[in-house]
Amino acid sequence: MNQTISQKESFWSRFATDFEKRNNYVAGYTEIEFLKNRLAENTNLGITLELGCGDGVFTEIIASNSEKVIATDWSVEMVDVSRQKFKDNEIIQVKQEDCLNLSFDKNSFDTVFMANLLHVIPTPERALGECKRILKRDGRIIIVSFTMQGMKFFHKLGMRYRYIRTYGKPPKESRVLTTSNLKELLGKIGFEIKSIDLIGDKMKSVYAIAKISEN
Ligand SMILES: C[S@@+](CC[C@H](N)C(=O)[O-])C[C@H]1O[C@@H](n2cnc3c(N)ncnc32)[C@H](O)[C@@H]1O
């Protein structure tokens, strides 16, 4: 499917007003705090673009090590919530953007960050192609996404139950991102992986940092 900015995001938008609360229930507050602490280890991020920021759960952590953050989401409702949340934060600007058709010029950003986005969009390779285009040549991409990979059976079962109870049936384009399929995807688009790990305790996340390959 060829999405454009004129189409409306319809799945996540319904949860914009209490997304953080819902996500804390589904994924667990401590698991999300753990991710924030890991993300805080990324320093000197420069000018950062965040894709699929949702209600901005990870935006402040990324902003704390960036010169400036443009936090974007395709959902107008999510953008409204984030804009309100960060209205007094001078380095965070919130904007509606479709990660499959970014409006930015090439070589615009030092860092692109995305959390829990790649596994919910129809064409992750297209989004990564856009990231490569708008990143400066020595820029980096930071990707973190929840995954079923490596989760214990009963934790998976609990998480599925909480997810369906909270969000209903997942969007049809959802997939499980794993360390191996993300590695393959990044390589195919021309990124050189600096690190890729499976992190977390009961909930697992794929966590990758990559740069544009020089070859
Ligand atoms: C699972 S939520 C994750 C939100 C946030 N990053 C987090 O981890 O809490 C996925 C987000 O991606 C957004 N999204 C979906 N398709 C998108 C697209 N094509 N471009 C930009 N954002 C998109 C949704 O509106 C939603 O806010």
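Residues numbered from 1 in each chain as written. Predicted model: local features only at pLDDT ≥ 70, side-chain atom pairs only at ≥ 80, totals over all residues. Heavy atoms only, no water.

Enquirer: Before we go on, may I ask you to explain the packing of aromatic side chains in this structure?
Expert: Two descriptors summarise a pair of aromatic rings, namely the distance from one centre to the other and the angle between the planes of the rings. According to the stated counting rule, one finds 8 aromatic pairs in the structure shown. Ring geometry for Phe-11 against Trp-12: centres 4.8 Å apart, planes inclined by 75 degrees, an arrangement best described as edge-to-face. Taking relative accessible area as the criterion, Phe-11 reaches 14% and is therefore assigned buried. A relative accessible area of 17% places Trp-12 in the buried class. Between the aromatic rings of Trp-12 and Tyr-167, the centroid separation amounts to 5.4 Å while the plane-to-plane angle is 70 degrees, which identifies the pairing as edge-to-face. In this pair, Trp-12 sits in the segment before α1 (19-27) while Tyr-167 sits in helix α6 (residues 153-167), placing the two residues 155 residues apart along the sequence. Of the two residues, Trp-12 and Tyr-167, both sit in the buried class. (Phe/Tyr/Trp six-rings, centres within 6.5 Å; stacked < 30°, edge-to-face > 60°. Buried < 20%, exposed > 50% of the residue type's maximum accessible area, 1.4 Å probe, protein only. Helix = DSSP H or I, 4+ residues; strand = E, 2+ residues; numbered from the N terminus.)

Enquirer: Help me out: how do you make sense of the site of the ligand in this one?
Expert: Around the ligand, a shell composed of 20 residues is seen, among which Gly-52, Asp-73, Asp-98, Cys-99 and Ala-115 lie nearest. Between the ligand and Asp-73, the relevant distance is 2.6 Å, taken from an oxygen atom to a side-chain nitrogen or oxygen of the residue. Contact distances for the ligand include 2.9 Å between a nitrogen atom and a backbone N or O atom of Cys-99. Split by residue class, the shell around the ligand holds 10 nonpolar, 6 polar and 4 charged. (Near = heavy atom within 4 Å. Polar contact = N/O pair within 3.5 Å; in protein donor to acceptor, adjacent residues only side chain to side chain. Nonpolar A, V, L, I, M, F, W, Y, C, P; charged D, E, K, R; others polar.)

Enquirer: How should I be thinking about the pattern of salt bridges in this particular structure?
Expert: Opposite charge on two side chains permits pairing when their charged atoms draw close. All chains considered together, the criterion is met by 11 salt bridges. A salt bridge links Glu-77 to Lys-8; its shortest N-O distance comes to 2.7 Å. Of this pair, Glu-77 sits in helix α4 (residues 76-85) while Lys-8 sits in the segment before α1, placing them 69 residues apart in sequence. As a salt-bridge pair, Glu-41 and Arg-38 come within 3.5 Å of each other at their nearest N and O atoms. (Salt bridge = Lys/Arg side-chain N within 4 Å of Asp/Glu carboxyl O.)

Enquirer: I'm lost on the side chain of Glu-50 in this one. Help?
Expert: Structurally, Glu-50 can be placed in strand β1 (residues 46-51). Comment: no salt bridge for buried Glu-50; closest opposite-charge side chain is Lys-85, at 9.6 Å. Excluding anything up to four places from it in sequence, Glu-50 contacts Thr-59, Val-69, Ile-70, Ala-71, Thr-72 and Phe-113. (Lys, Arg positive; Asp, Glu negative; His and termini not counted. Contact = heavy atoms within 4.5 Å.)

Enquirer: For this particular structure, what's the right way to read the packing of α1 against helix α2 (residues 29-39)?
Expert: To describe two helices that pack against each other, one gives the angle between their axes and the distance between the axes. Closest axis-to-axis distance for the α1/α2 pair is 6 Å, and the angle between their directions is 100 degrees. The orientation of α1 with respect to α2, classified from their angle, is roughly perpendicular. Between α1 and α2, the residues in contact are Asn-23, Asn-24 and Ala-27 and Tyr-29, Glu-31 and Ile-32, respectively. Tallied by class, the residues present in the contact of α1 with α2 amount to 3 nonpolar, 2 polar and 1 charged. (Axes fitted to C-alpha atoms, helices over the stretch in contact; angles between N-to-C directions. Parallel < 35°, antiparallel > 145°, perpendicular 65-115°, else oblique.)

Enquirer: I would appreciate a short explanation of the sheet that holds strand β3 (residues 92-96) in the present structure.
Expert: Here 7 strands make up an open sheet; going across it, the order is β3-β2-β1-β4-β5-β7-β6 and the pairing mixed. In this open sheet, the two strands that pair with only one neighbour each are β3 and β6 (191-199). Taking each pair of neighbouring strands and ignoring which way they run, the sheet shows an average axis angle of 15 degrees. The pairing of β1 with strand β2 (residues 66-73) spans 5 bridges and is parallel. Residue pairing in the sheet places Leu-49 in a bridge with Ile-70 of β2. α4 contacts β2 and β3 of the sheet and is inclined by roughly 165 degrees relative to β3. (Pairing = 2+ DSSP bridges.)

Enquirer: Would you take a moment to explain unusual backbone geometry for this structure?
Expert: What is expected of a backbone is that most residues other than glycine have negative phi and most peptide bonds are trans. One non-glycine residue, Asn-107, lies in the positive phi region at around 55 degrees. Structurally, Asn-107 is set in the loop between β3 and β4 (109-115). Even without being a glycine, Asn-116 presents a positive backbone phi close to 55 degrees. With relative accessibility at 18%, the residue Asn-116 sits in the buried group.

Enquirer: Help me understand the packing of α1 against α6 in this model?
Expert: Packing of α1 against α6 leaves a shortest axis separation of 9 Å and a crossing angle of 155 degrees. Looking at the two axes, α1 sits roughly antiparallel to α6. Considering only the axes of α1 and α6, their crossing is right-handed. Contacts between α1 and α6 pair Phe-19, Arg-22, Asn-23, Tyr-25 and Val-26 from the former with Met-159, Tyr-161, Arg-162, Tyr-163, Arg-165, Thr-166 and Tyr-167 from the latter. (Left-handed = near helix turned anticlockwise from the far one by under 90°.)

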